[in-house]
Amino acid sequence: MMRALLLLFFVSVATATGDAPFIIAHKKASLTRLKSGSERVSVSIDIYNQGFSTAYDVNVVDDSWPQDMFDIVSGNTSRSWERLDAGGLLSHSFELEAKKQGMFYGAPAVITFRIPTKAALQEAYSTAILPLDVLAERPPEKKFEWAKRLLAKYGSQISVILIVVLFIYLLVTPSSAAKASKKKRQVL
């Protein structure tokens, strides 16, 4: 994903040689499981102007979230700004709550804007999101999962250290035969 963004950035710099805005938009979505058994989807859209002039009447619309699968919890799926200066960034976010279980494949958000030198409304698209497995059955997190990972990573070193410690303990502590002979000497 990072390589694609870098490639998109370099292509945008190479093609943005004219005196026009060049809009790049990145859409992200993440799932958050709530204790009540429901799941929230946090969506953010970052809009960059990599061109050399200002974009006016910038509008983002993300209608890829069907109402039968999601409820809007906070924010809106669309937003407008008066302008986006050259080299500037605009961000928009909203939160949804999932109603149904299943895979969801979201479409890119649509960004429209005006250029003062052209009468027609310009259009750009955000990146698409990775498929979301909404309300998926996930195995419960285990309490000692961190210990398993630690043993898997450092198990051989831990066992060597334990053997060395046990060897030193055996050398330092007197044996039971030595203790018995010491008791016999004290009785005589």
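What counts and how
Residues numbered from 1 in each chain as written. Predicted model: local features only at pLDDT ≥ 70, side-chain atom pairs only at ≥ 80, totals over all residues. Heavy atoms only, no water. Patch = residues over 30% accessible without salt bridge, like charges linked within 9 Å, V, L, I, M, F, W, Y side chains within 5 Å. Areas by Shrake-Rupley, 256 points an atom, 1.4 Å probe, with all protein chains shown as cover. Salt bridge = Lys/Arg side-chain N within 4 Å of Asp/Glu carboxyl O. Helix = DSSP H or I, 4+ residues; strand = E, 2+ residues; numbered from the N terminus. Buried < 20%, exposed > 50% of the residue type's maximum accessible area, 1.4 Å probe, protein only. Contact = heavy atoms within 4.5 Å. Polar contact = N/O pair within 3.5 Å; in protein donor to acceptor, adjacent residues only side chain to side chain.

Per an unreviewed UniProt entry, the chain carries the name Translocon-associated protein subunit beta and comes from Hibiscus sabdariffa.

**Student:** I would appreciate a short explanation of a nonpolar patch on the surface in the present structure.
**Tutor:** On the surface, a cluster of nonpolar side chains totalling about 750 Å² of accessible area is made up of Phe 144, Trp 146, Leu 150, Leu 151, Tyr 154, Ile 158 and Leu 162. Within the element layout of this structure, Tyr 154 appears in helix α2 (residues 145-172). A residue is classified by how much of its surface remains accessible, and Tyr 154, at 38% relative accessible area, is partly exposed.

**Student:** Please clarify how unusual backbone geometry should be interpreted in this entry.
**Tutor:** Across the chain, the bulk of peptide bonds are trans and the bulk of non-glycine residues have phi less than zero. Positive phi, normally seen in glycine, also occurs at Asp 57, with a value near 50°. Locating Asp 57 in the fold gives a position in strand β3 (residues 55-61). Its relative accessible area of 44% is what places Asp 57 among the partly exposed residues. A positive phi angle is found at Leu 135, which is not glycine, with a value near 55°. Note that Leu 135 resides in the loop between β10 (132-134) and α2.

**Student:** Help me out: how do you make sense of the environment of Glu 97 in this one?
**Tutor:** Tracing the backbone shows Glu 97 in strand β6 (residues 89-98). Remark: the alpha-carbon pair of Glu 97 and Val 41, spanning 56 residues in sequence, is separated by 6.1 Å. Not counting residues within four places of it along the chain, the set of residues in contact with Glu 97 comprises Ser 38, Glu 39, Arg 40, Met 69, Phe 70, Asp 71 and Val 73. Within the structure, the side chain of Glu 97 is placed 3.4 Å from the side chain of Ser 38, a separation counted as a polar contact.

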